[in-house]
Amino acid sequence: QKEVEQDPGPLSVPEGAIVSLNCTYSNSAFQYFMWYRQYSRKGPELLMYTYSSGNKEDGRFTAQVDKSSKYISLFIRDSQPSDSATYLCAIGGGTSYGKLTFGQGTILTVHP
Amino acid sequence: GAGVSQSPSNKVTEKGKDVELRCDPISGHTALYWYRQSLGQGLEFLIYFQGNSAPDKSGLPSDRFSAERTGGSVSTLTIQRTQQEDSAVYLCASSIRGGFQGSTEAFFGQGTRLTVV
């Protein structure tokens, strides 16, 4: 079993839709949860960061962490064509100090 | 430059040759990471440098892979006797300090696309 599982999609939605992206993980020691966005032929860039359980909102983006279920989510409201990218969840902490474990990435396309 | 710089951006090499990939981290960043991204896959951790500490090499897939970080700055990832399965995008990232307390963001370079033919 992979440490982090993410549905690779691809996911295609119309502009304005609400998008839900999810990851599950296996190691309960993980404490730091992140979402990265990666445009084609670019390096990933940090989108959201959450420590431990709870919600965090930033504009149209909301990150949720449920440590009891080992489940993390990213919601995108009022999605735009510019949101089309690959979204990667990343998890760290516990004994893996300094090392981020990434999910497979979900390819999202928002069409006008 | 202001960001993480990697060179070359693309590299095509013949099977069995050695290759060196270079990473220039953001000035002042003490932590440096190498990841590998194969087609349709997430990022696979390779190695992590933090200051003067011994690097975490736990992700290197075989002894053909090695990495150095000179003077706490530039890093070189070396792959000896390349194989076709080594074809991937090799990404380097740096952060101000290691670990993730206080949202220690890791900034990624654009990667080196390696193709072994």
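Residues numbered from 1 in each chain as written. Chains lettered and ligands numbered in written order. Predicted model: local features only at pLDDT ≥ 70, side-chain atom pairs only at ≥ 80, totals over all residues. Heavy atoms only, no water.

Engineer: Give a detailed account of the overall build of chain B, specifying residues and quantitative values.
Structural biologist: Looking only at helices and strands, chain B features zero helices and ten strands. Since a compact globule built from 117 residues should have a radius of gyration of about 13 Å, the 14 Å found for chain B is in line with a globular shape. Each principal axis of the C-alpha distribution contributes one length, and for chain B these read about 40 × 25 × 25 Å. Scored against the burial criterion, the 117 residues of chain B give a buried share of 47%. As displayed, chain B has an accessible area near 5,600 Å², and 45% of this comes from carbon and sulfur atoms. (Helix = DSSP H or I, 4+ residues; strand = E, 2+ residues; numbered from the N terminus. Rg over C-alpha atoms; globule rule 2.2 N^0.38 Å. Buried < 20%, exposed > 50% of the residue type's maximum accessible area, 1.4 Å probe, protein only. Areas by Shrake-Rupley, 256 points an atom, 1.4 Å probe, with all protein chains shown as cover.)

Engineer: Got a sec to walk through the sheet that holds strand S3 (residues 19–24) of chain B? Specific residues and values, please.
Structural biologist: Residues and elements named next belong to chain B. Strand order in the open sheet formed by four strands is S1-S3-S7-S6, with antiparallel pairing between adjacent strands. On the outer flanks of this sheet lie strand S1 (5–7) and strand S6 (65–69), each paired with one strand and no other. Mean inter-strand twist for the sheet, computed between neighbouring axes without regard to direction, equals 15°. In the sheet, S1 pairs with S3 via three bridges, with the strands oriented antiparallel. Counterpart to serine 5 in the pairing with S3 is aspartate 24. (Pairing = 2+ DSSP bridges. Axes fitted to C-alpha atoms, helices over the stretch in contact; angles between N-to-C directions.)

Engineer: Summarise the pairing of strand S4 (residues 31–37) of chain B; cite the residues concerned and give the values.
Structural biologist: Residues and elements named next belong to chain B. Counting buried residues along S4, seven of its seven residues qualify, which places the element largely inside the surrounding structure. Residues Ala31, Tyr33, Tyr35 and Gln37 of S4 are buried on one face, and the alternating residues Leu32, Trp34 and Arg36, pointing to the opposite face, are buried as well. Both S4 and strand S5 (residues 43–50) contribute to a ladder of seven bridges, which runs antiparallel. Each bridged residue has a counterpart across the sheet, and for arginine 36 the counterpart in S5 is glutamate 44. Taken together, S4 and the strand that follows it, S5, pair antiparallel across an intervening segment of five residues, in which glycine 40 is found at a positive phi of about 70°.

Engineer: Run through the state of the cysteines, naming residues and quoting values.
Structural biologist: Residue and element names in this part refer to chain A. Tallying each qualifying case throughout the model produces two disulfides over all chains. Through a disulfide, cysteine 23 is tied to cysteine 89; the S-S separation comes to 2.0 Å. Measuring the twist about the S-S bond at about -100°, one finds the cysteine 23-cysteine 89 disulfide to be left-handed. Linking cysteine 23 in strand S3 (residues 19–25) with cysteine 89 in strand S9 (residues 85–93), this pair joins segments that are 66 residues apart in sequence. (Disulfide = S-S within 2.5 Å.)

Engineer: Go over the sheet that holds strand S7 (residues 61–66) of chain A, please, and point to the residues and values.
Structural biologist: Residue and element names in this part refer to chain A. An order of S1-S3-S8-S7-S6 is seen for the five strands of this open sheet, with the pairing classed as antiparallel. The outermost strands of the open sheet, each flanked by one partner alone, are strand S1 (4–6) and strand S6 (54–58). Each adjacent strand pair in this sheet contributes to an overall mean axis angle of 15°, direction not counted. Pairing of S6 with S7 involves five bridges; the strand directions are antiparallel. Among the inter-strand pairings, lysine 56 is bridged to a residue of S7, identified as alanine 63.

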